[in-house]
Amino acid sequence: MSSSSSPSTPVPAPQPLPPAFVAALQTAFAAGSILTSREDLIPYGFDGTAALKQLPGVVVFPKDAASVSGVLKLARTHRVPVVTRGSGTGLSGGSVPVPGCVVLCLADMNRILELDAKNLTLSAEPGVITQRIYDAADAAGLFYPPDPGSMKISTIGGNVAENAGGLRGLKYGVTRNYVMGLEVVLADGSIVTLGNKCVKDVAGYNLRDLFIGSEGTLGVITRVLLRLLPKPGARQTLLATYASMDAAAETVSAIIAERIIPCTLEFLDQRTLRCVEAFAKVGLPTEAEALLLIETDGHPAAVADEASRIERICTQHQALAVRRAASAEEGVRLATARRSAFSALARLRPTTILEDATVPRSELAKMIRFINETAQKHRVEVATFGHFGDGNLHPTFLTDERNADEMHRVEAAMKEIFDYALSLGGTLTGEHGVGLAKKAYLPRQLGDATLSLLKTIKRSLDPDGLLNPGKIFD
Amino acid sequence: MSSASPHSELSVQRSALGVSPSAPAGSDNLLKSLDYSVLQQCMHCGMCLPTCPTYVETGRERHSPRGRISLMRAIADGELDVTRAFGEEMYFCLGCLACTTACPAGVDYANLFETARAEVERRQVLDTRQRRSVRWFALRLIFTRPRLLRFIGRLLWLWQRSGLQALSRSTGLTRLLPGRLAGLEPQTPRIQTRFSDGLIAPVERPRTGQVRHRVALLTGCVQDLVFSDVNRATVDVLLANGCEVITPRTQSCCGSLHAHNGDTASARELARRQLDAIDPGSVDAIISNAGGCGSHLRHYNHLLHDDPAYAERAAMWSRKLRDIHEWLAEIKFRPPAAPVGGAPAFPVTYHESCHLCHGQKVSRQPREILKSLPGAELRECGEATWCCGSAGIYNITQPETAGWLQTRKVGHVQATGATVVATANPGCHLQLENGLRAAAAPGSTPPVVVHPVVLLARAYAAEAAGRPS
């Protein structure tokens, strides 16, 4: 199934799996937990990334770490590549199959194992949906902050493997900041436990962090131990609209300069705004050039104080209007609408390519101007939204993968945007990972010595190169 | 496909069975001839997954909206043949359209799904002698001939009222029915003594006050036989709100059953018949009170867009088609006054018909009606927008998944403690009634299932009579 992949991603022909390998899997897995027919495999040939697909050889659904270990040992014996996957919502092609691979889908390992209210931790299997973790914590008066756009369906294992971010990154950080421990199955099938419930622990290397964001290339995460926070007492959401992008960017700088760290500081340009409103119908002002969605949380008194200061700062920086959400429910509706931005943009053109270039926040206004100029120069359509507070932008190309000429222009523009982000001290990817989509650009960001260090680590943990090969780097 | 020969697309010959018009020239496949951008619109982000009942049940991508679309796209791309497994998958989909509400990208799944089923039928990959006979009997014979349908309804009524049904149940005769039928027999809906034409005059005008609007009422087919009281109540509430109601006699099926089951030719023909029976230009609105029918009726413009004789009329029809709740809210219906001495309090919950909330995006208006009822306390039930498992004939074709959904739905309804469950689609109505009856503790009374409009009509009547409803 490679006919409509973008020109930049030639997909090799599928390789047949060793029959003995498939036979062994068929013995190990019950009928409903192993998929081999074409109709079953095609829907596992992609994730949330545009224009990337590859038919897997076989898909299995292990129920526990021992079963994962069994698959890895078999894969090693038969030299079959292994691609681990959760709900397949990734945005850099991290869980897109490689030719002739076994897809290890962890969606059936979906139990929350423990919520420890004394130690403020939650232990879960990797296939648990992120939203369920949030809800379980919330029901106990606790808070799991990372909230990637796809949290209603993304799995916690995938969040850890990609080190997913979200709307609350500015104040609360990303998934990494909430992982206290991991159980990981290594390429040779051995099962290791890294980290524990201790807030302080300096015994040995901090290998837990090595697996966070490793995109399935170093091992398979089979259990996560998460840190929870007390639930903030109050929240207030504000919407500010602007006639220019610069005014919105200056507002953000001014808020930070006033020593306020809001929980959320999101930005949408007019194109994004209109698409989100067309879908969610939450009353966003579609005539504005730019919109800031700001949320402050914490002690009720602090929230009230911060909200009125933010309101004042917005007004001082040429906001056309500032509106407070009338209720917590409205706040949630607005944040949910914002989370749909990427998918809602798909309304405009057949192919939607989402990027993740991130710069130090002081460079944001420059970066956005550059994106718009570059899009004009290459005659491509770009909509931009993102996490203004932490410098994480999502310039999104609206294009058509079947138009080769346009796709070339998109790639040229993309490369310039990456280069410029790097020149500002930024990164290719703030929260989506490198996967397949950005690996061509990675050497430029890391440099030879760093890339070589990454490869050394990969070789020592996965000497046969079977774990998600060809992702991050070749 | 001109209108010169009105029944040209519809054949009741056995040989022509279930075979839709051939794919347009230059293509060997309905999915290939579909505008590719409709398929491309899905960017497989996965936002639909948690709202899809069959994905939640199985956890397998093939049973998800984006998975199904990927299979359709593979067929359009020539990477997959129209196989039996593909056909089965298209019929495992409930067609509940929950994915279309969840989809930020605005994928037209209803179009994709109906095209895919039509292709499955065209290629006959699921064809068996029995299936062919059932499809011919239902789609081509009964549901295209309104008089025959009503005659069969009358026979069923006789069977139920003569005591023969009770006799065969008590003697265990019904257990002799072949496997699946025996299980379904207790669910046979009770046929009404009088059908709509016996309850509703061709033209009814408000007894008092001015005529503010002129509307046509669609009486449906199952609705007509089993819930003609809902049709009567619909007329009553329309009259109470200043509408003159025109109800054509012996109406045809709207074709929704056919479109959802891959028989596009019959669906188009039945749409033309509706357009012949009701001139959309002569009324302010055309009223449907069944979620499933309304969802299909709204799309006559799409269905007949390439029919030169009917396209314009169909477009006007689609503009004027209204669900009854939507129409009542639009004309600012009069909230019923509490009767003297007040109305007794009752907790009511609302189950949303999939094709009303997802297919027609009518969700707020039925609740407005329920909230207006004197004494009513609206209690929201969990997963109100989830399919109950009825899904047209899904409870017959896929009893396991339908049963799982029915149990899930009944649990949510029971958790509200409501004594009344309001819902606006005959399939949902029967599915809920059967489920609630089966789940009721021995000796207890299950919640009553009723159409919101029936409650509103009763409230108006109680108001007039000066006594509680």
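All figures in this text were calculated on a predicted structure; none of them were measured in a lab.

## As for the nonpolar core
With 258 residues, the main nonpolar core has Val82, Val102, Leu104 and Leu226 of chain A as its most contacted residues. Here this core takes eight residues from helix α26 (residues 452-465) of chain B, the largest share from any one element. Those residues in contact with Leu226 of chain A that sit more than four places away from it in its chain are Thr121, Leu122, Ile133, Tyr144, Tyr178, Val179 and Met180 of chain A.

## Some remarks on the packing of helix α13 (residues 364-377) of chain A against helix α14 (residues 404-423) of chain A
For any two helices packed against each other, one specifies the crossing angle of their axes together with the interaxial distance. Residue and element names in this part refer to chain A. At their nearest, the axes of α13 and α14 sit 10 Å apart, and the two run at 160 degrees to each other. Between α13 and α14, the crossing angle belongs to the class labelled roughly antiparallel. Here α13 runs over α14; the crossing is right-handed. In contact with Met367, Phe370, Ile371, Thr374 and Ala375 of α13, α14 contributes Ala413, Glu416, Ile417, Tyr420 and Ala421.

## Structural notes on helix α5 (residues 84-92) of chain B
Residues of α5 of chain B that are buried include every one of Phe86, Gly87, Glu89 and Met90 of chain B, and no others. Along the axis of α5 of chain B, the buried positions cluster into a sector of 160 degrees, meaning they face one direction only. As for α5 of chain B, its buried residues are in contact with α2 (38-41) of chain A together with α4 (65-76) and α7 (109-123) of chain B.

## Concerning helix α19 (residues 311-320) of chain B
Residues and elements named next belong to chain B. The complete set of buried residues in α19 reads Arg313, Ala314 and Trp317. Down the axis of α19, the buried side of the element spans an arc of 100 degrees, and every buried residue falls inside it. Buried residues along α19 sit in contact with α16 (264-277), β4 (285-288), α18 (300-303) and β5 (321-323).

## A closer look at the sheet that holds strand β18 (residues 392-399) of chain A
All names here are of chain A. One open sheet holds the seven strands; their spatial order is β15-β12-β14-β13-β17-β18-β16, and the pairing between them is antiparallel. What marks the edges here is a single partner per strand, and that holds for β15 (319-324) and β16 (351-354). Taking each pair of neighbouring strands and ignoring which way they run, the sheet shows an average axis angle of 20 degrees. Taken together, the seven bridges between strand β17 (residues 381-387) and β18 define a ladder with antiparallel strand orientation. Within β18, the residue paired with Ala383 across the bridge is Thr396.

## Focus: the domain arrangement of chain B
Residue and element names in this part refer to chain B. With domains assigned, chain B is organised as domain 1 (19-127), domain 2 (144-187), domain 3 (196-330) and domain 4 (346-465). A straight line from the C-alpha centre of domain 3 to that of domain 4 covers 23 Å. Tallying the contact residues gives 26 residues for domain 3 and 23 residues for domain 4. Mapped by element, the contributors of at least two residues to the side of domain 3 that touches domain 4 are α13 (222-226), α14 (228-240), α15 (256-260), α17 (291-297) and α20 (324-330). By residue number, the principal contributor to the side of domain 3 that touches domain 4 is α14, which donates seven residues. Residue classes in the side of domain 3 that touches domain 4 are distributed as 12 nonpolar, nine polar and five charged.

## Examining the pairing of strand β14 (residues 290-298) of chain A
Residue and element names in this part refer to chain A. Along β14, eight of the nine residues are buried, which leaves the element largely enclosed by surrounding structure. For strand β12 (residues 234-242) and β14, the ladder comprises nine bridges, and the chain directions are antiparallel. Its bridge partner being in β14, Ala234 is matched across the sheet by Gly298. In this sheet, β14 lies alongside strand β13 (residues 264-269) in antiparallel orientation, the contact comprising six bridges. Bridge pairing in β14 links Leu265 to Ile294.

Procedures and definitions
- Residues numbered from 1 in each chain as written.
- Chains lettered and ligands numbered in written order.
- Predicted model: local features only at pLDDT ≥ 70, side-chain atom pairs only at ≥ 80, totals over all residues.
- Core = buried A, V, L, I, M, F, W, Y, C linked by C-beta atoms within 7 Å.
- Buried ≥ 20, exposed ≤ 12 C-beta atoms within 10 Å, placed from the backbone.
- Helix = DSSP H or I, 4+ residues; strand = E, 2+ residues; numbered from the N terminus.
- Contact = placed C-beta atoms within 7 Å.
- Axes fitted to C-alpha atoms, helices over the stretch in contact; angles between N-to-C directions.
- Parallel < 35°, antiparallel > 145°, perpendicular 65-115°, else oblique.
- Left-handed = near helix turned anticlockwise from the far one by under 90°.
- Arc of directions from axis to C-beta.
- Pairing = 2+ DSSP bridges.
- Domains from an automatic or database assignment.
- Nonpolar A, V, L, I, M, F, W, Y, C, P; charged D, E, K, R; others polar.

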